Amino acid sequence: MEMTTLGEKLKSYGVVGAGGAGFPASVKASSRVEYVIANGAECEPLLHKDAELMAHYPAEILSGMRLMMEATGARRGKFGVKQKNAAAVGAIEKHLINAPIDMVTLGDFYPSGDEFELVPAATGRLVPPGGIPLQVGCLVSNVETLYNVYRAERGLPVTHKFLTVGGAVRTPKSFWVPIGTPFRELLEPAGGATTPDFGIFDSGIMMGALTFDLDDVVTKTTGGLIVLPRDHYLISHMERPVTAMHRIGRSACDQCSYCTEFCPRYLLGYDVMPHKVMRSLAFSLSGADLWNQSAELCCACGLCTLYACPEDLYPKEACDQAKHDLRAAGIKFVQRKPVEIHPMKEGRRVPLSMLRKRLKIEEYEREAPFVDVAIQPPAIRLILTKLPGVPPRPVVRAGQRVRMGEPVATLAEGELGADLHASIDGTVKAVSADGVEIEA
Ligand code: SF4
Ligand code: SF4
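Just so you know, these numbers come straight off a predicted model, no measurement behind them. (Residues numbered from 1 in each chain as written. Chains lettered and ligands numbered in written order. Predicted model: local features only at pLDDT ≥ 70, side-chain atom pairs only at ≥ 80, totals over all residues. Heavy atoms only, no water.)

1. Brief notes about the environment of His-160
- Mapped onto the elements, His-160 comes out in strand 6 (residues 160-167).
- The exposure class assigned to His-160 is partly exposed, which follows from its relative accessible area of 23%.
- Along the primary structure His-160 and Gly-180 are separated by 20 residues, whereas in three dimensions their C-alpha atoms are 8.9 Å apart.
- Residues within four places of His-160 in sequence aside, it is in contact with Glu-144, Trp-176, Val-177, Pro-178, Ile-179, Met-404 and Ser-423.
- Of note is the side chain of His-160, whose polar atom sits 2.8 Å from the side chain of Thr-159. (Helix = DSSP H or I, 4+ residues; strand = E, 2+ residues; numbered from the N terminus. Buried < 20%, exposed > 50% of the residue type's maximum accessible area, 1.4 Å probe, protein only. Contact = heavy atoms within 4.5 Å. Polar contact = N/O pair within 3.5 Å; in protein donor to acceptor, adjacent residues only side chain to side chain.)

2. Section: the site of ligand 2
- The environment of ligand 2 is made up of 14 residues, and the closest members are Cys-263, Cys-298, Cys-301, Gly-302 and Cys-304.
- By residue class, the composition of the shell around ligand 2 is 11 nonpolar, one polar and two charged. (Near = heavy atom within 4 Å. Nonpolar A, V, L, I, M, F, W, Y, C, P; charged D, E, K, R; others polar.)

3. So, the site of ligand 1
- The full set close to ligand 1 counts 14 residues, and Cys-253, Cys-256, Ser-257, Cys-259 and Cys-309 are the nearest of them.
- Elements represented by at least two residues in the shell around ligand 1 include exactly helix 10 (258-262) and helix 12 (274-282).
- Its residues assigned to classes, the shell around ligand 1 shows nine nonpolar, three polar and two charged.

4. Observations concerning the environment of Leu-47
- One can find Leu-47 in the loop between strand 1 (35-40) and helix 3 (49-56).
- Looking at Leu-47, the relative accessible area reads 7%, which means it is buried.
- Distance from Leu-47 to Lys-173, taken between C-alpha atoms, is 9.6 Å for residues 126 residues apart in sequence.
- Excluding residues within four positions of it along the chain, Leu-47 makes contact with Glu-42, Thr-164, Ser-203, Gly-204, Gly-223, Gly-224 and Ile-226.

5. Examining the pattern of salt bridges
- By the definition in use, this model includes 26 salt bridges.
- In this structure, the salt-bridge partner of Glu-117 is Arg-349, at a minimum N-O distance of 3.8 Å. Taken together, the residues span a long stretch of sequence, with Glu-117 in helix 6 (residues 115-123) and Arg-349 in the loop between helix 15 (315-329) and strand 11 (350-351) at a distance of 232 residues.
- The class for Arg-349 is partly exposed, based on a relative accessible area of 26%.
- Because the salt bridges share partners, they merge into one network encompassing Lys-49, Asp-50, Glu-144 and Lys-161. (Salt bridge = Lys/Arg side-chain N within 4 Å of Asp/Glu carboxyl O.)

6. Focus: the side chain of Lys-173
- Mapped onto the elements of the fold, Lys-173 is located in strand 7 (residues 173-178).
- Within the buried core, Lys-173 has no salt-bridge partner, and the shortest N-O distance to an opposite charge, that of Glu-367, equals 10 Å. (Lys, Arg positive; Asp, Glu negative; His and termini not counted.)

7. Let's talk about the sheet that holds strand 16 (residues 420-421)
- If you walk across this open sheet you meet the three strands as 13-15-16, and the pairing is antiparallel. Only two strands of the sheet have a single neighbouring strand rather than two, namely strand 13 (393-394) and strand 16.
- Both strand 15 (residues 407-410) and strand 16 contribute to a ladder of two bridges, which runs antiparallel. The residue of strand 16 that forms the bridge with Ala-409 is Leu-420. (Pairing = 2+ DSSP bridges.)

8. Structural notes on the sheet that holds strand 14 (residues 401-402)
- As summarised here, the arrangement of the four strands in space is 12-18-17-14, forming an open sheet in which the pairing is antiparallel. For this open sheet the edge positions go to strand 12 (379-383) and strand 14, each flanked by a neighbour on one side alone.

9. A look at the packing of helix 3 against helix 5 (residues 86-94)
- Taken N-terminus to C-terminus, the directions of helix 3 and helix 5 make an angle of 35 degrees; their axes are 7 Å apart at the nearest point. By crossing handedness, the relation of helix 3 to helix 5 is classed as left-handed. Contact residues: Ala-51, Met-54 and Ala-55 in helix 3; Ala-87, Ala-88, Ala-91 and Ile-92 in helix 5. (Axes fitted to C-alpha atoms, helices over the stretch in contact; angles between N-to-C directions. Left-handed = near helix turned anticlockwise from the far one by under 90°.)

Dropping the structure here:
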């Protein structure tokens, strides 16, 4: 079948949101909007991969942005980037002469990369509660996604992920990695871990997941690996079982409401109040359904748990549980009051420097410069089931030889998702509904 639209190419060449959500880019490319907003606002502490990508591939990113603008009929583009990333700002600015794209420079705050923060910063519009940017005429795309759009237009599939390896490693670096590479292959390019016993925050400390398994693999949404010593405060704090987090919260929360007062969604005017959600831990039989509704619009940024709570409790995890319980009970909270930005919004922004101090990671904040290394894993594992949309179905069998870039799992016409491609040359070792393993 000949591909005529950008959306078709993005689906066939496997482009999904590379910033974390993994939403199929083909769906966004098929919409009509007024603004395309490039999201280069990277705000996870110690991750620098978007800054490095913008500094080294500005023309490709802006080309991808123009393609998205053409496909969606957008009349203007907005490019969100932090002022502190001078190399990235300079590189992008050089390509903006006479372009219908404005630079939106942002302060160094967490979480400035949340779409609900970036859309008002770029356009002055607020995304409706429970809505998406498309409803206010905006399409937000991470800068790496735009780089992949540029490649897909040229018939090049997504085979590699750009990421940072930082934290307790000798020389933090940002580099390209074949998708499916096990984490154990990624420490050496960053000089190795500085401690024999460590944990890894997969895709960031604030919104990523803690793992100790070096056989975990890179996916299309992996933003980086942050290595921390096993005895670091954050690892002891976050490795607690969720049941223990809730048990401690039930007995120790004094309802001071700091978690709510610092919540970025609450400050934007959305009905998110984690201190009320904490009440549901104690009133599970009488009030949980009511309190849980204050979690519906939480974006899981982690600020309440990792920054705001003076008692070291877990309001973010209580919100995760509340959202799960609301789904199970078939309750959908709808915010009726208008969204109005809190008068203290600006004053309560959390600077990254303060966040790093609170997280006890100041000593690990270093640059993570781009290095052009060829990572050659002996084997890779492509996960089929992790992303939003329909999982692609394998089209290869064990024993088959594949070349990098060849499709290994595809979708039928009309299905929402993205195809998946071999990220190395090799032989298919195993195929299941969950994944495809390839040996180099
Ligand atoms: S900040 Fe902590 S102690 Fe205060 S209400 Fe929130 S969870 Fe409870
Ligand atoms: S994780 Fe906490 S701070 Fe972040 S949006 Fe949810 S409730 Fe608010």
